[in-house]
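Structure assessment
Listed below, chain by chain, are the residues.
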Amino acid sequence: MDLNIFKHTGRFLILIAIQVVILNHIYFGGYITPHIYPLFILLLPFDVKGWVLLVVAFFSGLAVDMFSDSMGMHAAASVFMAFMRPTVIRLISIKTDFDQGEEPRIENKGLGWILLYTFILVFLHHMALFIIEVFRLDELPQVLLRTLLSTGFSLVIIIVAQLLMGKQSKSRI
Amino acid sequence: MRNLFNFIARHYFFFLFIFLQVVSFALIIQNHFYQRSAFINSANYLTGNIFETRSNIELYFNLRTINEELAGNNAKLLESIPGSYLKTDQQIFTFNDTLYQKQFSYINARVINNSVRNRNNYITLNKGRRHGIKPDMGIITPQGVIGIVKEVSANFSAALSLLHSDMQVSAKIQKNDHLGTILWEGYHHENATMLYIPPHVALEKGDTIVTSGFSHIFPEGVFIGTIADYEIRRGDNFFTIEVELAADFNQLNYVSVVTNLYQNELIELETAASQQ
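So, here's what we can say about the structure.

**Points about the overall build of chain A**
Looking only at helices and strands, chain A has seven helices and zero strands in total. Secondary structure elements of chain A occur, N-terminal to C-terminal, as α-α-α-α-α-α-α. Counting all 173 residues of chain A, 37% fall into the buried class. For chain A, contacts bridging at least 24 residues in sequence account for 71% of all contacts bridging at least 6.

Structure, rendered in structure tokens:
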């Protein structure tokens, strides 16, 4: 358990650092903003406690906010995404009993499942984020377009990051 | 009462979600009105230092561009000093410097954090209260208007970029002094929009747009950009002008923070007049 806390804390710091030092400063033209830090919330184990999930998501969003001058926006979007996570897992899974400490990883659930899982949650996160950022409904078509484009980019980055991270070591399960 | 507690305990996931969302939105709304907590923004000590280090590293890769820019600015300034002019008429004229009183003073600063792709973009500068920067000072470069300082800490300051939904800059068309307002409608960091130019004004693509100086933040005549396109939108009785911004907001390095030494006097006078 202790090892897991270190692992998740390390992951948290690395992903937030990549987000605020690199991704926030790359200009992809127009309105595309890729986000990698939701991967942290996506990778929490299936049996994570509800309050841990929400609180941890809140602070990961807040950490990004601190560096983006967007106080509260990323926090709100991340909490919303974390709130939807159990529902999404229930909706897209056939088998709903998971091993203790099992993480939603490609080798556990298969690429198709992970793609669907990541796409839905990242889409919800970006949608919430961009709607909150614009804070008006008359720009909704642009927000949707922006959400879709950014979700595509984020999806690619997140899947590649997962592949680079290697497998979840079985000894810690 | 116990039933209520049981109910909350059973659905704590939902209630915690609502609670955290309320906290987030409280932060957003507070941020929206710029009463940002001094603790968590990019003028904060920790984040400010991280940005400064990052920007120091990045700066090495931009040295060439910066040098070219500075050389260009130097050349422009050299051109404007009296020594560069040949006096062709022999009439006697005198300069009395005491007739001129300095109205604007400039502080040099470096941009250490900047964004262009959000709907609301902010800029962080590496100078703060200790260097004489105060809220509501303007930020310009020789290329044009950049933003307005909003929050100041001891060593850093956070500013609204021109690319922010709450930014409005009073501007005029240089050739005929017609007054309008520059704002940013999103989409692209190369373009802004100018509103409220009446339809009888003759416009041409490429016309220069400069600050009017009426806001007391920027001096008069600071370059903003050129007219890229104009139209009268349906239902409007003024031009909507697409302005090509002269400053490249994606490449900001050194900027000047400008102070209007008479800002308080002007604002006091105008408030007094409008209250009568």
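**Brief notes about the interface of chain A and chain B**
Opposite the 23 residues of chain A that make contact, chain B presents 26 residues. Elements supplying a minimum of two residues to the side of chain A that touches chain B: α3 (50-68), α4 (73-92) and α6 (111-134) of chain A.

**Things to note about the sheet that holds strand β10 (residues 223-231) of chain B**
All names here are of chain B. Spatially, six strands are ordered β6-β7-β8-β11-β10-β9 in a closed barrel, and the strand pairing comes out antiparallel. Mean inter-strand twist for the sheet, computed between neighbouring axes without regard to direction, equals 40°. In terms of strand pairing, strand β8 (residues 191-197) meets strand β11 (residues 239-245) through five bridges, oriented antiparallel. The partner of Ala192 across the bridge, within β11, is Val243.

**Comments concerning the pairing of strand β3 (residues 138-141) of chain B**
Residue and element names in this part refer to chain B. Side chains Gly138 and Ile140 of β3 all project onto a buried face; the interleaved residues Ile139 and Thr141 project onto the opposite face, where all are buried too. The pairing of β3 with strand β4 (residues 144-152) spans four bridges and is classified as antiparallel. Each residue of the ladder has a partner; that of Thr141, found in β4, is Gly144. Between β3 and the antiparallel strand that follows it, β4, lie two residues. Examined bridge by bridge, β3 and strand β12 (residues 254-260) share three bridges and lie antiparallel to one another. What sits directly across from Ile139, in β12, is Val257.

**Notes on the sheet that holds β3 of chain B**
As summarised here, the arrangement of the six strands in space is β1-β2-β5-β4-β3-β12 (chain B), forming a closed barrel in which the pairing is antiparallel. This sheet shows a mean twist of 45° between the axes of neighbouring strands, independent of strand direction.

**Side note on unusual backbone geometry**
Residues and elements named next belong to chain B. Positive phi outside glycine occurs at Asp136, with the angle close to 75°. Relative to the helices and strands, Asp136 is located in the loop between β2 (122-125) and β3. On the basis of neighbour counts, which here come to 15 C-beta atoms within 10 Å, the residue Asp136 falls in the partly exposed class. You will see that Tyr196, though not glycine, has its phi angle at about 70°, which is positive. We classify Tyr196 as partly exposed; it has 16 C-beta atoms within 10 Å.

**Side note on the nonpolar core**
Counting 46 residues, the largest nonpolar core has Ile139, Ile146, Ala159 and Val243 of chain B as the members making the most contacts within it. Both of domain 2 (45-76 + 102-161) and domain 3 (169-270) of chain B provide at least three residues apiece to this core. When residues no more than four places from it in sequence are discounted, the contact partners of Ala159 of chain B are Tyr122, Ile123, Leu125, Ile139, Gly147, Ile148, Val149 and Lys150 of chain B. Core analysis: the second largest hydrophobic core is formed by 41 residues, Ile16, Leu54 and Phe130 of chain A together with Leu27 of chain B among them.

Thresholds, definitions, all that
- Residues numbered from 1 in each chain as written.
- Chains lettered and ligands numbered in written order.
- Predicted model: local features only at pLDDT ≥ 70, side-chain atom pairs only at ≥ 80, totals over all residues.
- Helix = DSSP H or I, 4+ residues; strand = E, 2+ residues; numbered from the N terminus.
- Buried ≥ 20, exposed ≤ 12 C-beta atoms within 10 Å, placed from the backbone.
- Contact = placed C-beta atoms within 7 Å.
- Pairing = 2+ DSSP bridges.
- Axes fitted to C-alpha atoms, helices over the stretch in contact; angles between N-to-C directions.
- Core = buried A, V, L, I, M, F, W, Y, C linked by C-beta atoms within 7 Å.
- Domains from an automatic or database assignment.

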